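Residue-level structure breakdown
So the chains spell out like this:
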Amino acid sequence: MSTHIDAPKGAIAETVLLPGDPLRAQWIAETFLDNAQCYNKVRGMLGFTGTYKGRRISVQGSGMGVPSALIYYHELIADYGAKTLIRVGTAGSYQRDIGLRDVVLAMSASTNSALNDRKFNRAHFAPTANFDLFKKAMAYADKKSIPIKAGNVLTNDVFYEDDPKDFEKWADYGVLCVEMETAALYTIAAKHRVRALSILTISDSLVTKEFTTSKERESSFKQMVDIALNIS
Ligand code: HPA
């Protein structure tokens, strides 16, 4: 077991899907995996291992924000030998042409987190997706006629900003959407030479102020999980 995951060595697959919400991890395991077994309940951060088309896959909740997610990413890689980490999460759109339920592949993640400031002595590391996973995700989405938006996303440390116009600078520089974990995932994956990709569905728009209902979020989540399960 590791500090935050109560599973024996070998209980977690080399490929791990990573929603923020632990109940979403349970929903993915129950909806898509065969013979899924829960391997972790510590802090309610549920994790499951099962099979998909005969291959072992795990799905682990990571919580919200860089510090929480980084704990799980780190332990999965360093203590359990995870080699392919695919975040499946929601994001808020920063662009008028990126609408509710659109699927976004994060090619890179800008951030206002201090995560890398200290590590690189205030120089700017560029957290980047794994190219192999990215290509496979594009090819699979094409095959399934799932439209994809791809580009730079913002990993934000603050969900409730003081200034509602705070996003405009990022939007001006072409950032597609905002979420809270991808820069951490791409950074730790680079350090440990493992593969990572963040697949996001748009749950709300900071431009139009629209948002999805929980029912709508479930069906759009399915497309994203379908891509994640078929590229590893
Ligand atoms: N910020 C704003 N809206 C969002 C986010 C976020 O981090 N995630 C999903 N919708």
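Procedures and definitions
Residues numbered from 1 in each chain as written. Predicted model: local features only at pLDDT ≥ 70, side-chain atom pairs only at ≥ 80, totals over all residues. Heavy atoms only, no water. Core = buried A, V, L, I, M, F, W, Y, C linked by side-chain atoms within 4.5 Å. Buried < 20%, exposed > 50% of the residue type's maximum accessible area, 1.4 Å probe, protein only. Contact = heavy atoms within 4.5 Å. Salt bridge = Lys/Arg side-chain N within 4 Å of Asp/Glu carboxyl O. Helix = DSSP H or I, 4+ residues; strand = E, 2+ residues; numbered from the N terminus. Expected span 1.5 Å × (residues − 1). Pairing = 2+ DSSP bridges.

1. Quick notes on the nonpolar core
Formed by 70 residues in total, the largest nonpolar core has its most connected members in L17, I28, L76, L197, I199, I227 and I231. For L17, the contacting residues outside a window of four places in its chain are I28, I57, S58, V59, Q60, I86, V225, A228 and L229. Membership of the second largest hydrophobic core comes to six residues, among which are Y94, L154, A171 and V175.

2. A word on the pattern of salt bridges
Applying the stated criterion across every chain, the model contains six salt bridges. As a salt-bridge pair, R87 and E179 come within 2.9 Å of each other at their nearest N and O atoms. Of this pair, R87 sits in strand β5 (residues 84-93) while E179 sits in strand β8 (residues 177-179), placing them 92 residues apart in sequence. The exposure classification of R87 matches that of E179, with both residues buried. Here E168 ties to K165 by a salt bridge, and the two come within 3.6 Å at their closest N and O atoms. Shared partners join several salt bridges into a network, and the residues in it are R87, E179 and E181.

3. Some words on helix α2 (residues 66-78)
Turn by turn, an α-helix covers 3.6 residues, leaving residues three or four places apart pointing in a common direction. Taking 1.5 Å per residue as the helical rise, α2 with its 13 residues ought to reach 18 Å, and the 17 Å between its terminal C-alpha atoms agrees with that figure. Restricting attention to buried positions, one finds in α2 the residues V66, A69, Y72, Y73, E75, L76 and I77.

4. Details of the pairing of β5
Summarising burial for β5: nine of the ten residues are buried, a large majority. Inspection of the sheet shows strand β1 (residues 15-18) paired to β5 by four bridges, in the parallel sense. Among the inter-strand pairings, L18 is bridged to a residue of β5, identified as R87. The pairing of β5 with strand β9 (residues 195-205) spans ten bridges and is classified as parallel. In the strand pairing of β9, G89 is matched with L200. Bridge count for β5 against β8 is two bridges, and the pairing is antiparallel. The residue bridging S93 from the neighbouring strand is C177, located in β8.

5. Concerning the environment of L197
Residue placement: L197 occurs in strand β9. Using a relative accessible area of 0% as the deciding quantity, one classes L197 as buried. When the C-alpha positions of L197 and E14 are compared, they lie 14 Å apart, and in sequence the two are 183 residues distant. Excluding residues within four positions of it along the chain, L197 makes contact with L85, I86, R87, L105, A106, A129, L133, F134, A137, L185, Y186 and I231.

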